[in-house]
Amino acid sequence: MDLLLNADHDIVWINGPLLKEQTTQSRVDVVAQRLLILLSTFEGEWFLDTSYGIPYFQSILGHKTKKSTVDLIFQREILAENGVKELTFFQSTVTNRQYSLTFRVKVTTGEESGLITITPSS
């Protein structure tokens, strides 16, 4: 069980005690939240596990990396996340040197997430 996030990925705070409806309930919600956190974290950023995150500085930013290679990095990380069974949709774009990806996953319980869109540098 994780805390519920709003559309801007901020924790939903409501005065009073923490209620069940203020937490993520389904497996697909938990996995989607973890993926949003993973894809927004630079490798080496979290001091407790410097291998956690996306290798933005190590392999993507400042390198002349092909879009197809960047796509593979993200696909590999998404599929490696605990609870992800398969990547059912993946699309990425580069506009004005801005990379964005949209994807959908199926989790181990068989549920499928809604579309998840990430623009890593925002």
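Notes on the structure follow. (Residues numbered from 1 in each chain as written. Predicted model: local features only at pLDDT ≥ 70, side-chain atom pairs only at ≥ 80, totals over all residues. Heavy atoms only, no water.)

Some thoughts on the pairing of strand β2 (residues 98–107)
Taken across its 10 residues, β2 has 7 buried, putting it largely inside the fold. In this structure, strand β1 (residues 84–95) lies alongside β2, joined through 10 bridges in antiparallel fashion. For Phe 90, the partnering residue across the bridge sits in β2 and is Phe 103. The hairpin formed by β1 and β2 contains 2 residues between the paired strands, and Asn 96 there has a positive phi angle of roughly 50°. Bridge analysis of β2 against strand β3 (residues 116–118) gives 3 bridges, and the strand direction is antiparallel. Across the sheet, residue Phe 103 finds its bridge partner in β3, namely Ile 116. (Buried < 20%, exposed > 50% of the residue type's maximum accessible area, 1.4 Å probe, protein only. Helix = DSSP H or I, 4+ residues; strand = E, 2+ residues; numbered from the N terminus. Pairing = 2+ DSSP bridges.)

Here we look at the nonpolar core
Within the largest apolar cluster, 23 residues are counted, with the highest numbers of intra-cluster contacts made by Leu 39, Ile 54, Phe 74, Ile 78, Leu 101 and Phe 103. When contributions to this core are tallied by element, the ones reaching two or more residues are α1 (27–39), α2 (56–60), α3 (67–80), β1, β2 and β3. Tallying contributions element by element places α1 first for this core, with 7 residues. The residues touching Leu 101, leaving out its near neighbours within four places in the chain, are Phe 74, Ile 78, Phe 90, Gln 91, Ser 92, Ile 116, Thr 117, Ile 118 and Pro 120. (Core = buried A, V, L, I, M, F, W, Y, C linked by side-chain atoms within 4.5 Å. Contact = heavy atoms within 4.5 Å.)

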